[in-house]
Amino acid sequence: MHSIFTCKVLKKFRKKGKTVERRRSLEEFEKAKKVIPGGVDSPVRAFKSVGGTPLFIERGEGAYIYDIDENRYIDFVQSWGPLIFGHCDKDIEASVIGAIKKGLSFGAPTTVETELASEIVSLFDGIEKIRFVSSGTEAVMSAIRLARGYTGRDDIVKFEGCYHGHSDSLLVQAGSGAVTFGSPSSPGVPADFTKHTLLARYNDTTSVEECFNNSKDIACVIIEPIAGNMGLVPADEEFLNSLRELCDKNGALLIFDEVMSGFRASLKGAQGKVKTKPDIVTFGKVIGGGMPVGAFGAKASIMDRLSPDGPIYQAGTLSGNPVAMNAGLTALKKLKTDPKLYERLETLALRLTNGLKEAASECDIPLQTEVRGSMFGFFFNEKEVKNFDDALKSDTKMFARFHQSMLDEGVYLACSQFETGFISTVMDEEMIDEVVKKAKKVFGSIK
Ligand code: KE4
């Protein structure tokens, strides 16, 4: 028997002749909210910026996920980036099962950590050593401390609209969830913790020069070289070069936060697309194959300042967990074996975004699109988006209507205008064309 609440909401889901049954997600969400803040373990999942109720997912299979009401969706979120091989990849599954049979965790060195570290180091001239942690937030927090300890300076520069995880000194005008909630700097972060964080504008060299004019104590500049947390906004090549020059001139380190773009934009992340080389790189998502992992790497001269050989402390109980390491190692080995993989993913991403653009223009809906490797984004915006202010001018109400209607069509897109979508290796042209066809129908109904 439906509760009154459920009936009311269900009515909302009834499309012309199309009833998308999501009763169990509705009921589970009510239950979850009683014991988990907002009913979710990460804010963006709550669907607050797009409306409606988050789907409770039962399982994934290849390019698809199934909610607990047995509705099937093609998944362009892929757990916010990690699942480049889609759900239940047989090789990654086997490596995890194999690892689990030998034990879950030891809190002691294992050879698989060295193997995965070597796989990553071998890809980047600028990385001689890498340390694993359990999330992207931890990787960036550790990289910032390393930069501060290495330079002996306290200030850092970040960019409006970039999100680098939720460590205190970086929750200043963050992108991603914080923007979605319209709370650019979160309560609970003491002003003292952020007074060393200078804000600059993405793709705007002058704003960075101003930071260096205002502070002679800058330890590092941190940037998403391909921003994915204000929607998909790549940095201009000359802008990144200017960051390199300013850091060199002022004795600061340049940090590329590639937690999202790493192994997603190309096999070398953003560094496979631009010439600028950072001093420190952070990773996450794909390098864990779907398990919790983060990492940060740099030249040995920088990394060796970390404890136990150096004085800069950084640690973690499950850092380098062998189950996660095996998942990540399998994923990276698969990525390295197929030289055409990223070309195929980018071609599919372009097929999707070009199709969306054409479908939107047929309905006079302004749509800006962007692609970098397997990453894609779109803005309901009249103008090209080059920075956070531009992104904020997007029509988030139109985005919400599009998101909800595509969900009803079985298409699972990121539940915020300020996120990025992903193509996985198990997607093909037929699937993409089907999504474009659905988008055509949806644009017609929401314009
Ligand atoms: P995690 O702590 O969530 O593993 O990583 C933080 C992080 C750091 N740097 C970049 C560039 C990131 O994109 C992220 C996390 N990305 C978001 C999605 N935009 C994670 C999703 C969420 O917060 O639930």
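I will try to describe carefully the structure that is included in this document. (Residues numbered from 1 in each chain as written. Predicted model: local features only at pLDDT ≥ 70, side-chain atom pairs only at ≥ 80, totals over all residues. Heavy atoms only, no water.)

## What about the overall build of the protein?
Phase 1: When its secondary structure is counted, the protein shows 15 helices and 18 strands.
Phase 2: The globule rule puts the C-alpha radius of gyration for 447 residues at 22 Å, and the 22 Å found for the protein is close to it.
Phase 3: Dimensions of the protein along its principal axes, counting C-alpha atoms only, are 65 × 55 × 45 Å.
Phase 4: Within the protein, the fraction of its 447 residues that count as buried is 57%.
Phase 5: Total accessible area on the protein stands at roughly 19100 Å², and carbon and sulfur atoms take up 52% of it.
Phase 6: Measuring between centres, the 57 positive side-chain charges of the protein sit 4 Å from its 60 negative side-chain charges. (Helix = DSSP H or I, 4+ residues; strand = E, 2+ residues; numbered from the N terminus. Rg over C-alpha atoms; globule rule 2.2 N^0.38 Å. Buried < 20%, exposed > 50% of the residue type's maximum accessible area, 1.4 Å probe, protein only. Areas by Shrake-Rupley, 256 points an atom, 1.4 Å probe, with all protein chains shown as cover. Lys, Arg positive; Asp, Glu negative; His and termini not counted. Charge placed at Lys NZ, Arg CZ, Asp CG, Glu CD.)

## What to know about the sheet that holds strand S9 (residues 218-223)
Phase 1: With respect to topology, seven strands assemble into an open sheet ordered S6-S14-S13-S12-S9-S7-S8, the strand pairing being mixed. A single partner strand is all that each edge strand has here, and the edge strands are strand S6 (129-133) and strand S8 (197-200). Between one strand axis and the next, the sheet turns by 20 degrees as a mean value, whatever way the strands run.
Phase 2: As paired strands, strand S12 (residues 253-257) and strand S13 (residues 280-284) are joined by three bridges and run parallel to one another. Pairing of Phe256 across the sheet is with Val281, part of S13. (Pairing = 2+ DSSP bridges. Axes fitted to C-alpha atoms, helices over the stretch in contact; angles between N-to-C directions.)

## Some remarks on the packing of aromatic side chains
Phase 1: Counted according to the given criterion, the structure contains 16 aromatic pairs.
Phase 2: With 6.4 Å between their ring centres and 90 degrees between their planes, Phe124 and Phe263 make a pair best called edge-to-face. Taken together, the positions of Phe124 in the loop between helix H4 (111-121) and S6 and Phe263 in the loop between S12 and S13 put the pair 139 residues apart, joining distant regions of the chain.
Phase 3: For Phe263, a relative accessible area of 1% gives the class buried.
Phase 4: Here the aromatic residues Phe378, Phe380, Phe399, Phe402 and Phe443 are joined through ring pairs into a cluster of three or more.
Phase 5: Above the ring of Tyr66, the side-chain terminus of Arg59 is found at 3.9 Å from the ring centroid. (Phe/Tyr/Trp six-rings, centres within 6.5 Å; stacked < 30°, edge-to-face > 60°. Lys NZ or Arg CZ within 6 Å of the ring centre and 35° of its normal.)

## Description of the sheet that holds strand S15 (residues 368-372)
Phase 1: Across the sheet, three strands lie side by side as S15-S16-S18; this open sheet has antiparallel pairing. With partners counted over all chains shown, the strands left at the sheet margins are S15 and strand S18 (421-422), one partner each.
Phase 2: The sheet contacts of helix H12 (residues 341-362) involve S15 and strand S16 (375-379), and relative to S15 the element is tilted by about 180 degrees. (Contact = heavy atoms within 4.5 Å.)

## Focus: H12
Phase 1: In this model, H12 (22 residues) spans 32 Å end to end at C-alpha, consistent with the 32 Å of a helix rising 1.5 Å per residue.
Phase 2: Taken as a whole, H12 has its buried residues at Leu341, Tyr342, Leu345, Leu348, Ala349, Leu352, Thr353, Gly355, Leu356, Ala359 and Ala360. Along the long axis of H12, the arc covered by the buried residues comes to 160 degrees, so they all point the same way.
Phase 3: Turning to H12, the residues buried within the fold contact helix H11 (322-337), S15, S16, helix H14 (396-408) and helix H15 (429-446).
Phase 4: Following H12 by one or two positions, Asp364 has its phi on the positive side, about 55 degrees. (Expected span 1.5 Å × (residues − 1). Arc of directions from axis to C-beta.)

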